[in-house]
Amino acid sequence: MDSDFSRSLSLLRKEKGISQRSAAKELGISQALLSHYENGIREPGLAFVVRACDFYGVSADFLLGRTLSRDGTTILDADTLYDYSKEKDNILRGSVMATLSKKLLVNSIVVLFDLLGKVGSKAAIRSASDYLSTAIYKLYRHLYRADGTLNEDFFSVSTSHFLGGIPTVEMVINEVEYTNALNQQTKEKNPFPPMSNDALMAAYPGTYQSLLQIIHSTGERIKRHIDARREEGRLL
């Protein structure tokens, strides 16, 4: 069994708030053996996996790291994903600003991935998804860390690597792969969907405005940073 199992086993015990000795007693093994399992030194048999699943109330797939869902369900296709946008009242609790920001981003991503789907490059879609996923990962982990009381063992990337900028490096790699995939489409003379303002407005009447807003506000924000640094003499 790989490190996902030992890590999950350790995290579930800590989440339950019990000592290794207490967990070992409940699971019918010695503390030393449980320590070996949690540290990946030894691999357990099927009987122990079943007992651990029952004790922690999770599926074997979750314990083995094969799914992030505790009941063992997996995402088989797009139709199985929960779509929050379809809720009748999907205002984020406590913040109108959060709701507006969410809608701008979601609508823009809808346009982006629909266009990428029409481009037909799986590599571009995958690298775009990886880039955005890493951005979300970074923002969520900073939020998680800010609480100050939560165990960061929840994440497979160590704190030192996270703070050292490894996720940012991964985003740069994703961006390179994204542009390479698009350049390959151009070299192969594969057609791109119409992307003039009028064409996008006609194709995405409800969501394109959000993309325009993000393009405008982001451009203005970047320009302000450039102007500020130019005034400070730090940018030629």
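Further up the page is the structure itself.
All values reported here derive from a predicted model rather than from experimental measurement.

Asker: Account for the packing of aromatic side chains, with residues named and values stated.
Answerer: Counted under the stated rule, the structure contains seven aromatic pairs. Ring geometry for Phe 55 and Tyr 56: centres 4.8 Å apart, planes at 65°, overall edge-to-face. Relative to Phe 155, the ring of Tyr 140 has its centre 6.4 Å away and its plane inclined at 55°; by these criteria the two rings are tilted. Of this pair, Tyr 140 sits in helix α7 (residues 122-146) while Phe 155 sits in the loop between α7 and α8 (159-163), placing them 15 residues apart in sequence. Under the relative-accessibility criterion, Phe 155 is labelled buried at 9%. What links up through ring pairs into an aromatic cluster is the set Tyr 137, Tyr 140, Tyr 144, Phe 155 and Phe 162. If you follow Lys 16 out to its NZ or CZ, it ends over the ring of Phe 55, 4.9 Å from the centre.

Asker: Requested: an account of the packing of helix α2 (residues 20-27) against helix α3 (residues 31-38), with residues and values cited.
Answerer: The contact between α2 and α3 brings their axes to 8 Å, and the two run at 100°. Classified by the angle their axes make, α2 and α3 are roughly perpendicular. When α2 is examined against α3, the residues Gln 20, Arg 21, Ala 23, Ala 24 and Leu 27 are found in contact with a partner set consisting of Gln 31, Leu 34, Ser 35 and Glu 38. The residue inventory of the contact of α2 with α3, partitioned by class, reads four nonpolar, three polar and two charged.

Rules of the game
Residues numbered from 1 in each chain as written. Predicted model: local features only at pLDDT ≥ 70, side-chain atom pairs only at ≥ 80, totals over all residues. Heavy atoms only, no water. Phe/Tyr/Trp six-rings, centres within 6.5 Å; stacked < 30°, edge-to-face > 60°. Helix = DSSP H or I, 4+ residues; strand = E, 2+ residues; numbered from the N terminus. Buried < 20%, exposed > 50% of the residue type's maximum accessible area, 1.4 Å probe, protein only. Lys NZ or Arg CZ within 6 Å of the ring centre and 35° of its normal. Axes fitted to C-alpha atoms, helices over the stretch in contact; angles between N-to-C directions. Parallel < 35°, antiparallel > 145°, perpendicular 65-115°, else oblique. Contact = heavy atoms within 4.5 Å. Nonpolar A, V, L, I, M, F, W, Y, C, P; charged D, E, K, R; others polar.

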